[in-house]
Amino acid sequence: SSSSHRLVHQTETKHANVPDGMALDDAGNLWVAVGESGLVRCVDGSSGAVVREVEVGYSRPTSCNFGGKGMDVLFVTSRVDKA
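Here the residue index of a chain counts from 1 through its sequence in written order. Local features in a predicted model are, by the rule used here, given only for residues with pLDDT of at least 70; side-chain atom pairs are given and counted only at 80 or more, and totals for whole chains, interfaces and linings are based on all residues. Computation of side-chain values covers all heavy atoms of the structure but excludes hydrogens and water.

A. Up close: the overall build of the chain. By definition, any uninterrupted DSSP run of H or I lasting at least four residues is a helix, any uninterrupted run of E lasting at least two residues is a strand, and each is numbered from the N terminus. Across its full length, the chain holds zero helices and six strands. N-terminal to C-terminal, the α/β element order of the chain is β-β-β-β-β-β. Each residue's exposure class comes from its accessible area (1.4 Å probe, protein chains only) as a fraction of the maximum for that residue type: buried when under 20%, exposed when over 50%, partly exposed otherwise. When the 83 residues of the chain are sorted by exposure, 28% land in the buried category. We call two residues in contact whenever any of their non-hydrogen atoms come within 4.5 Å of each other. The contacts of the chain with a sequence gap of at least 6 include a subset with a gap of at least 24, amounting to 27%. Accessible areas in this description were obtained via Shrake-Rupley with a 1.4 Å probe; residue shielding takes into account the shown protein chains only. Of the roughly 6,000 Å² of accessible surface on the chain, a fraction of 50% belongs to carbon and sulfur atoms.

B. View of the packing of aromatic side chains. Any two rings among Phe, Tyr and Trp, with Trp reduced to its six-membered ring, count as a pair given centres within 6.5 Å; such a pair is stacked if its planes are under 30 degrees apart, edge-to-face if over 60, and tilted if neither. Inspection of the entire model under this criterion finds one aromatic pair. Between W31 and F66, the ring centres sit 5.9 Å apart and the planes meet at 80 degrees, which makes this aromatic pair edge-to-face. Taken together, the residues W31 in strand 2 (residues 30–34) and F66 in strand 5 (residues 61–67) connect sequence positions 35 residues apart. Neither W31 nor F66 differs from the other in exposure class; each is buried.

C. A look at the nonpolar core. Judged by nonpolar contacts, A23, W31, V40, C42, C64 and F66 together constitute the single largest core of six residues. Listed by contribution, the elements that provide at least two residues to this core are strand 3 (39–43) and strand 5. With residues near it in sequence (within four places) discarded, F66 still touches A23, L24, D25, W31, M71, D72, V73, L74 and F75. Remark: nonpolar core denotes a set of buried residues (Ala, Val, Leu, Ile, Met, Phe, Trp, Tyr, Cys) joined through side-chain atoms within 4.5 Å.

D. View of the confidence of the model for the chain. pLDDT gives the predictor's per-residue confidence on a scale running from 0 to 100. Averaged over all residues, the pLDDT of the chain is 85; the fraction at 70 or higher stands at 86%. Mean pLDDT across the secondary structure elements of the chain bottoms out at strand 1 (residues 19–24), with 88, and peaks at strand 4 (residues 50–55), with 95.

E. Spatial organisation of the pairing of strand 4. Think of it this way: DSSP has to see at least two bridges between two strands before they count as a pair. The pairing of strand 3 with strand 4 spans five bridges and is antiparallel. Residue pairing across strands places L39 opposite E55, the latter belonging to strand 4. Turn length for the strand 3-strand 4 hairpin, with the two strands adjacent in sequence and antiparallel, is six residues, and the turn residue G48 shows positive phi of about 85 degrees.

F. Spotlight on the side chain of R41. With respect to the element layout, R41 can be found in strand 3. Residue classification places R41 among the buried positions, given a relative accessible area of 18%. A polar side-chain atom of R41 sits 2.5 Å from a polar atom in the side chain of E53. Polar contact is defined as a pair of N or O atoms within 3.5 Å, subject to the rule that within protein one atom must be able to donate a hydrogen and the other to accept it, and that residues adjacent in sequence are counted only when both atoms are side-chain atoms.

G. The sheet that holds strand 3, seen in detail. Read across the sheet, four strands follow the order 1-2-3-4 without closing on themselves; strand pairing throughout is antiparallel. Pairing within the sheet leaves two strands with one partner each, and these edge strands are strand 1 and strand 4. Between one strand axis and the next, the sheet turns by 25 degrees as a mean value, whatever way the strands run. With axes taken as lines fitted to C-alpha atoms, and helix axes fitted only over the stretch in contact, angles between N-to-C directions fall between 0 and 180 degrees.

The structure is reproduced here in structure tokens:
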């Protein structure tokens with residue numbers, strides 16, 4: 001049986017910095033919101049290597065997606081603690 005699924009990137013988490021929401025860009029790279037880290041990582045879709053990390057300015061990113069006229073703006077959501 002053949003499958004079109006394949007592992008792109010694997011991260012050891014130990015429940016810290018857990019990969020969360022993801023988006024693909026037009027070059028086939030996987031952008032991953034990494035919870036509890038303040039980062040969104042860009043993973044090369046072919047090699048699985050982390051090619052970029054973007055500090056988003058808050059500690060708990062939850063998801064990301066592309067938008068804007070050219071679909072070239074990365075939008076990132078975050079979670080907050082209840083007061």
